[in-house]
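Topology and contacts: notes
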Amino acid sequence: MKKSLREIAELIGGKIVGDASIEVEGVVEIKEARKGEITFISDIKHLPLLETTQASAVIVSREVKEAKVPLIQVENPYLAFSQVMRILVPYQKPTEGVHPTAIVSKGVDLGKKVSIGAYSMIEEKARIGDNTIIYPLVYVGRGSRIGKDCLIYPQVMIREGVKIASRVIIHSGTVIGSDGFGYIPHEGKQHKVPQIGRVVIEDDVEIGANVTIDRATLGKTWIKRGVKIDNLVQIAHNVVIGEDSIIIAQVGVSGSTEIGKGVTLAGQAGVVGHIKIGDGVIVGGRAGVLKSVPPNTVVSGYPARPHAQAKRIEASILRLPELHKLVRELKKRIEELEKKK
Amino acid sequence: MKKSLREIAELIGGKIVGDASIEVEGVVEIKEARKGEITFISDIKHLPLLETTQASAVIVSREVKEAKVPLIQVENPYLAFSQVMRILVPYQKPTEGVHPTAIVSKGVDLGKKVSIGAYSMIEEKARIGDNTIIYPLVYVGRGSRIGKDCLIYPQVMIREGVKIASRVIIHSGTVIGSDGFGYIPHEGKQHKVPQIGRVVIEDDVEIGANVTIDRATLGKTWIKRGVKIDNLVQIAHNVVIGEDSIIIAQVGVSGSTEIGKGVTLAGQAGVVGHIKIGDGVIVGGRAGVLKSVPPNTVVSGYPARPHAQAKRIEASILRLPELHKLVRELKKRIEELEKKK
Amino acid sequence: MKKSLREIAELIGGKIVGDASIEVEGVVEIKEARKGEITFISDIKHLPLLETTQASAVIVSREVKEAKVPLIQVENPYLAFSQVMRILVPYQKPTEGVHPTAIVSKGVDLGKKVSIGAYSMIEEKARIGDNTIIYPLVYVGRGSRIGKDCLIYPQVMIREGVKIASRVIIHSGTVIGSDGFGYIPHEGKQHKVPQIGRVVIEDDVEIGANVTIDRATLGKTWIKRGVKIDNLVQIAHNVVIGEDSIIIAQVGVSGSTEIGKGVTLAGQAGVVGHIKIGDGVIVGGRAGVLKSVPPNTVVSGYPARPHAQAKRIEASILRLPELHKLVRELKKRIEELEKKK
């Protein structure tokens, strides 16, 4: 889609330096930008590229006053650019309505302007809110509710009794509401504990591909407002994840653990069950958290410790071969001293 | 579903202390229990909650003789409570029979009371045992056999030549019988080794969501009776997992490794290929097992070592910064002593 | 399928020692081989098994001159045997053509001899090359292109604008082209960055089950020729993986990282974003790579270091408890010396 800089600047609340009538239709990173494309600079170290870029316009921060190339000045260039991405490359919405092959069981309550794709199966008494898009090959279990303006990608599986609020995005292959992993060992056998709880997912959550979120044993597994979950993450039964937390790829959170608000769990981290991670905690990549973490702490390593301590320990480990050597040497010198006695 | 304490006590073999005619219809944890609900105490430290709970009845161990609230005494309260969960919240079985959109290819042998969900595809010569439930959007490959009383959740993929015994549960998104990862490097290229073996899954196995179990190169990948596998686990080709072993989320087991009976692999652990893990071994969370482990051993850490040694090493690491400091100090004192000579 | 040794030797370019008219129909490992079966020896230590095997023929290297059992001598016995596997157990191709329930949207360009399975959905303007097999329950997004001779297993999800070249194999449950994980924190909220880039997968790539490969923010996520990816691997947005690299199960590669040619990332390894892994690098199992790695290096551990250094450090750690003990002892001896002064 083609837009003039004037139109773009209006939409993103920016100020143009240069010819406002110029039109752009492509969005691209500054190093690859060519004529007809708009790009951005958010990192000060890329400013020299303003001299050489072939782009037709660059979104910059307000501190950048002028350049050879037309500018749009904004407060947050990357944020503004990301809005321009959606303007120039609009989301291609699937056809509205229920595909003739989609199965909408009796007692299902469909909102307005819902789209349900081919070969999707909505079980009895489920409810789908206005404008929600369900792609092909999705399964929605009995009595599950999905709010407004959600995007459910192909091959998502939502089991019975799951509650999903509004503006939630779920990527392909993700499984919501599978049984929690619970057994009671008795007389040499594992007896399955029925998993009869629910999963509740609040507004503005986004969940990546091939994620697994188990239903609670009793009560609920609870993903609160604004949480963002990357691919291949495991969320066990009865876990609670606080508002706006970020869970990066391949993280695992064990049963009944409570994660606070605004927490970051970096890639491949693991958190044991039945602990609390305080608000604002940052857990480093690959960290293994074995006990509760107080709010606003940065932890890393395995077992996870306060980051400064973990760094100190790591530095000590690096110098360990030389420490062994030094101690051997000191031992000899002591022996010398002892002989001389 | 509503049941009297008398009915419940009979079903779980318990003894009532209090009014047997009281009816309950909800199951819940003791802290959240209200009137009309039944709960349990299995941990002695929760006994004081008996004084304050609003529950209409509590399942307790035989040592608990009386309380304000009606009790049902049993040997194993959590096990009994888990049976009550299934009584009060019965499993909602899908409609029996083959959904009109399910494709049952020629030569497929269906048992009695089988349920096959919408848009599931059963390839030629497959066999499905009595009472087995196959949810929608499942794929069962050519010649695969599934026993009696199995539960195959939506979007499970079972490739050709897989043999699944009875009372097996497989959760959504799980892939059984994908090709093992085998290549022969030759003249600078990787040549694929055909994976023509099978997967055999014995009775009473449960497999979580988004698990991958590869077929064998030759012979079989073999999951034995009673094994329980959590979500996002990787089982490579030709692996054998012994009876009643427990594999927790995000574990990976590499090719041709043999896991004994009653083994626990805790979350995110990894096991290299071509080794043996003895019966009764416990592998700690996140452990990396690089060589065979004798029976009834507890190992942890990376590389995995006997747990006591791993703990000792971990404690030594924690004291490492102070060790560096101490050695520097000792060095000075030695220098002092040497000078004085 | 039954074949004579003469036929087999011709097909694999081998030389027969013994009766060329003998027929075999099974392929199996040497320890389990019986009459009517062919097997192989590639490891010199298995040569004594030639004396006792029940196999009807054994594929061996040219150095093995004779045995009781008929031999086929070749240069690379395992490679030759893997070819024999495909000859005796041919790949069972699904029926050619578009299944009546498959949905091929308008503007889709289908090559010759394409097979599209039941309940698969091909969106508008997609293109499928000659001889490509798409199994049931697959989704191919708008405008995506798949080349010739590809094998797309059941329940694969390929989103819009993905480009897949020829002879590519994708296993079940794998998601190609899901949104990259990108947000801009602004005024206490995470704002989604549209992910409008593509995924490009070149010739001869094989991708395991339940893998996730995210589309680029801008530009492309790029899997180059001959790359082999095992199960449950995470490839983030804008990652580049060089020719013939091997990515083993449960590895995660973070955004914008470039992996060179012929690299091996062993199981459960993790690589942070925005770094470069040089050609020919080997990253050990479970290693955590936090910075760029020069070509032809072997790294291991967390954080990943040159393998020799990592081994030295690991050995030092093992001896750490005794080092603590030794230093305590030396301290006492110093105190003794100091007293005597």
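These figures come from a predicted structure and were not determined experimentally.

Our next topic: the overall build of chain A. When helices and strands are counted, chain A shows 4 helices and 40 strands. Against the compact-globule benchmark of 20 Å for 341 residues, chain A has a radius of gyration of 27 Å, which places it well outside the compact range. Its C-alpha atoms give chain A principal-axis dimensions of roughly 95 × 70 × 30 Å. Across the 341 residues of chain A, 58% fall into the buried class. Taking contacts inside chain A between residues at least 6 apart in sequence as the whole, the part at least 24 apart equals 18%. Only carbon and sulfur atoms are counted for the fraction: they give 50% of the accessible area of chain A, which is about 14,100 Å². Within chain A, one finds 48 positive and 38 negative side-chain charges whose respective centroids are separated by 5 Å.

This paragraph deals with the pairing of strand 6 (residues 57-61) of chain C. A regular strand places its side chains so that they alternate between the two faces of the sheet. Residue and element names in this part refer to chain C. Within strand 6, 5 of the 5 residues are buried, leaving the element largely enclosed by the surrounding structure. Judged by which residues are buried, strand 6 turns out to be covered on both faces: A57, I59 and S61 on one side and V58 and V60 on the other are all buried. Examined bridge by bridge, strand 5 (residues 37-40) and strand 6 share 3 bridges and lie parallel to one another. Paired with I38 across the two strands is A57, which belongs to strand 6. Here strand 6 pairs with strand 7 (residues 71-74) via 4 bridges, running parallel. Paired with I59 across the strands is I72, a residue of strand 7.

Attention now goes to the interface of chain C and chain B. Listed by partner, the interface residues are 60 residues for chain C and 68 residues for chain B. In this assembly, chain C packs against chain B so that about 5,100 Å² is buried in total across both faces, 66% of it on carbon and sulfur atoms. Joining chain C to chain B, the criterion identifies 3 salt bridges. The partner of E335(C) in a salt bridge is R333(B), with the nearest N and O atoms 4.0 Å apart. Where chain C packs against chain B, one counts 22 residue pairs in polar contact (both at pLDDT 80 or more). Elements represented by at least two residues in the side of chain C that touches chain B include exactly helix 2 (77-88), strand 28 (228-229), strand 31 (246-247), helix 3 (307-318) and helix 4 (320-340) of chain C. Its residues assigned to classes, the side of chain C that touches chain B shows 30 nonpolar, 15 polar and 15 charged.

Attention now moves to a positive patch on the surface. All names here are of chain A. Together, R127, R145, K163 and R198 give the surface a local cluster of positive charge. Assignment of secondary structure puts K163 in strand 19 (residues 162-164). Among the residues examined, K163 registers a relative accessible area of 38% and is labelled partly exposed.

As paired strands, strand 19 of chain A and strand 24 (residues 198-201) of chain A are joined by 3 bridges and run parallel to one another. Paired with K163(A) across the bridge in strand 24 of chain A is V200(A).

Of the transformation superimposing chain C on chain A, the axial component is 0.0 Å and the angular component is 120°, with the fit at an RMSD of 0.1 Å. Each copy turns onto its partner about a three-fold axis.

With that settled, the discussion passes to a nonpolar patch on the surface. Together, V98(B), V104(B) and L110(B) give the surface a local cluster of nonpolar side chains, amounting to about 190 Å² of exposed area. Looking at V104(B), the relative accessible area reads 32%, which means it is partly exposed.

For residues other than glycine, phi is negative in most cases, and the peptide bonds are mostly trans. The linkage connecting Y302(B) with the following residue, P303(B), adopts the cis geometry, with an omega of -5°. Of note, P303(B) is situated in the loop between strand 39 (298-300) and strand 40 (305-306). Non-glycine residue R286(A) carries a positive phi angle of around 70°. Along the chain, R286(A) turns up in the loop between strand 37 (282-283) and strand 38 (288-289). A positive phi angle, close to 55°, is found at R167(B), a residue other than glycine. Structurally, the position occupied by R167(B) is in the loop between strand 19 (162-164) and strand 20 (169-170).

Residues and elements named next belong to chain B. On the basis of which strands lie adjacent, the open sheet formed by 5 strands has the order 2-7-6-5-4 and mixed pairing. At either margin of the open sheet sits one strand with a lone partner, and together these are strand 2 (15-17) and strand 4 (26-27). This element, helix 2 (residues 77-88), spans strand 4, strand 5 (37-40), strand 6 (57-61) and strand 7 (71-74) of the sheet and lies at about 155° to strand 5.

This part covers the interface of chain C and chain A. Across the boundary between the two partners, chain C contributes 68 residues, which contact 60 residues of chain A. Between chain C and chain A the total buried area reaches about 5,100 Å² when both faces are included, carbon and sulfur atoms providing 66% of it. Of all residues in chain C, F181(C), L218(C) and L337(C) bury the most surface against chain A, accounting for 13% of the area lost on that side. If you look at where chain C meets chain A, you find 3 salt bridges. Here E206(A) ties to K192(C) by a salt bridge, and the two come within 2.7 Å at their closest N and O atoms. Per-element tally for the side of chain C that touches chain A: the top contributor is helix 4 of chain C, with 9 residues.

A word on the sheet that holds strand 16 (residues 145-146) of chain C. All names here are of chain C. One open sheet holds the 9 strands; their spatial order is 10-13-16-19-24-27-30-33-36, and the pairing between them is parallel. Edge strands, defined here as strands with exactly one partner in the open sheet, are strand 10 (109-110) and strand 36 (276-277). Pairing of strand 30 (residues 240-241) with strand 33 (residues 258-259), which is carried by 2 bridges, proceeds in the parallel orientation. Paired with V240 across the strands is E258, a residue of strand 33.

With that settled, consider the packing of aromatic side chains. Inspection of the entire model under this criterion finds 15 aromatic pairs over all chains. Their ring planes at 25° and their centres at 4.5 Å tell us that F40(B) and F81(B) sit as a pair that is stacked. Of this pair, F40(B) sits in strand 5 while F81(B) sits in helix 2, and the two are 41 residues apart along the sequence. Like F40(B), the residue F81(B) is buried in the burial classification. One aromatic cluster is present, built from ring pairs that chain together F40(A), Y78(A) and F81(A). Sitting over the face of the ring of W222(C), K224(C) holds its NZ or CZ atom 4.2 Å from the ring centroid.

Take the domain arrangement of chain A next. According to the domain assignment, chain A contains domain 1 (3-88), domain 2 (97-309) and domain 3 (314-340). Summarising the inter-unit geometry, the C-alpha centres of domain 1 of chain A and domain 2 of chain A are found 37 Å apart.

Considering all chains together, one arrives at 45 salt bridges over all chains under this definition. Of the charged contacts, one joins D179(B) and R159(B) as a salt bridge, the two residues approaching to 2.9 Å between their closest N and O atoms. Taken together, the residues span a long stretch of sequence, with D179(B) in the loop between strand 21 (175-178) and strand 22 (183-186) and R159(B) in the loop between strand 18 (157-158) and strand 19 at a distance of 20 residues. Judged on exposure class, the residue D179(B) and its partner R159(B) are both buried. If you follow the salt bridges from partner to partner, you end up with R159(A), E160(A), D179(A), K192(A), R215(A) and E206(B) in one network.

Quick look at a negative patch on the surface now. All names here are of chain A. Together, E7, E10, E23 and E25 line one region of the surface with negative charge. Here E10 lies in helix 1 (residues 5-12). Note on E10: relative accessible area 65%, which makes it exposed.

On to helix 4 (residues 320-340) of chain B, then. Within an α-helix, residues lying three or four positions from one another point in the same direction, as the helix has 3.6 residues per turn. Taking 1.5 Å as the rise per residue, helix 4 of chain B with 21 residues should run 30 Å; its terminal C-alpha atoms sit 30 Å apart, in good agreement. Buried within helix 4 of chain B we find L320(B), L323(B), H324(B), V327(B), L330(B), R333(B), I334(B) and L337(B).

A separate point is the packing of helix 4 (residues 320-340) of chain A against helix 4 of chain C. The contact between helix 4 of chain A and helix 4 of chain C brings their axes to 10 Å, and the two run at 30°. Viewed along their axes, helix 4 of chain A and helix 4 of chain C adopt a mutual orientation that is roughly parallel. The two elements helix 4 of chain A and helix 4 of chain C meet at a crossing, and its hand is left-handed. Residues L320(A), L323(A), H324(A), V327(A), K331(A), I334(A), E335(A), L337(A) and E338(A) of helix 4 of chain A lie in contact with helix 4 of chain C, whose contacting residues are L320(C), L323(C), L326(C), V327(C), L330(C), R333(C), I334(C) and L337(C).

On to the environment of T101(A). Note on placement: T101(A) falls in the loop between strand 8 (97-98) and strand 9 (103-104). C-alpha of T101(A) to C-alpha of G117(A): the two residues are 16 residues apart in sequence and 8.0 Å apart in space. Filtering out sequence-adjacent residues up to four positions away, T101(A) remains in contact with A118(A), Y119(A), S120(A), Y119(B) and I103(C). A distance of 3.0 Å separates the side chain of T101(A) from the backbone nitrogen of Y119(A), its partner in a polar contact.

Reading guide: rules and limits
- Residues numbered from 1 in each chain as written.
- Chains lettered and ligands numbered in written order.
- Predicted model: local features only at pLDDT ≥ 70, side-chain atom pairs only at ≥ 80, totals over all residues.
- Heavy atoms only, no water.
- Helix = DSSP H or I, 4+ residues; strand = E, 2+ residues; numbered from the N terminus.
- Rg over C-alpha atoms; globule rule 2.2 N^0.38 Å.
- Buried < 20%, exposed > 50% of the residue type's maximum accessible area, 1.4 Å probe, protein only.
- Contact = heavy atoms within 4.5 Å.
- Areas by Shrake-Rupley, 256 points an atom, 1.4 Å probe, with all protein chains shown as cover.
- Lys, Arg positive; Asp, Glu negative; His and termini not counted.
- Charge placed at Lys NZ, Arg CZ, Asp CG, Glu CD.
- Pairing = 2+ DSSP bridges.
- Buried area = accessible area lost by both parts, 1.4 Å probe.
- Salt bridge = Lys/Arg side-chain N within 4 Å of Asp/Glu carboxyl O.
- Polar contact = N/O pair within 3.5 Å; in protein donor to acceptor, adjacent residues only side chain to side chain.
- Nonpolar A, V, L, I, M, F, W, Y, C, P; charged D, E, K, R; others polar.
- Patch = residues over 30% accessible without salt bridge, like charges linked within 9 Å, V, L, I, M, F, W, Y side chains within 5 Å.
- Least-squares fit on C-alpha atoms with pLDDT ≥ 70 in both.
- Axes fitted to C-alpha atoms, helices over the stretch in contact; angles between N-to-C directions.
- Phe/Tyr/Trp six-rings, centres within 6.5 Å; stacked < 30°, edge-to-face > 60°.
- Lys NZ or Arg CZ within 6 Å of the ring centre and 35° of its normal.
- Domains from an automatic or database assignment.
- Expected span 1.5 Å × (residues − 1).
- Parallel < 35°, antiparallel > 145°, perpendicular 65-115°, else oblique.
- Left-handed = near helix turned anticlockwise from the far one by under 90°.

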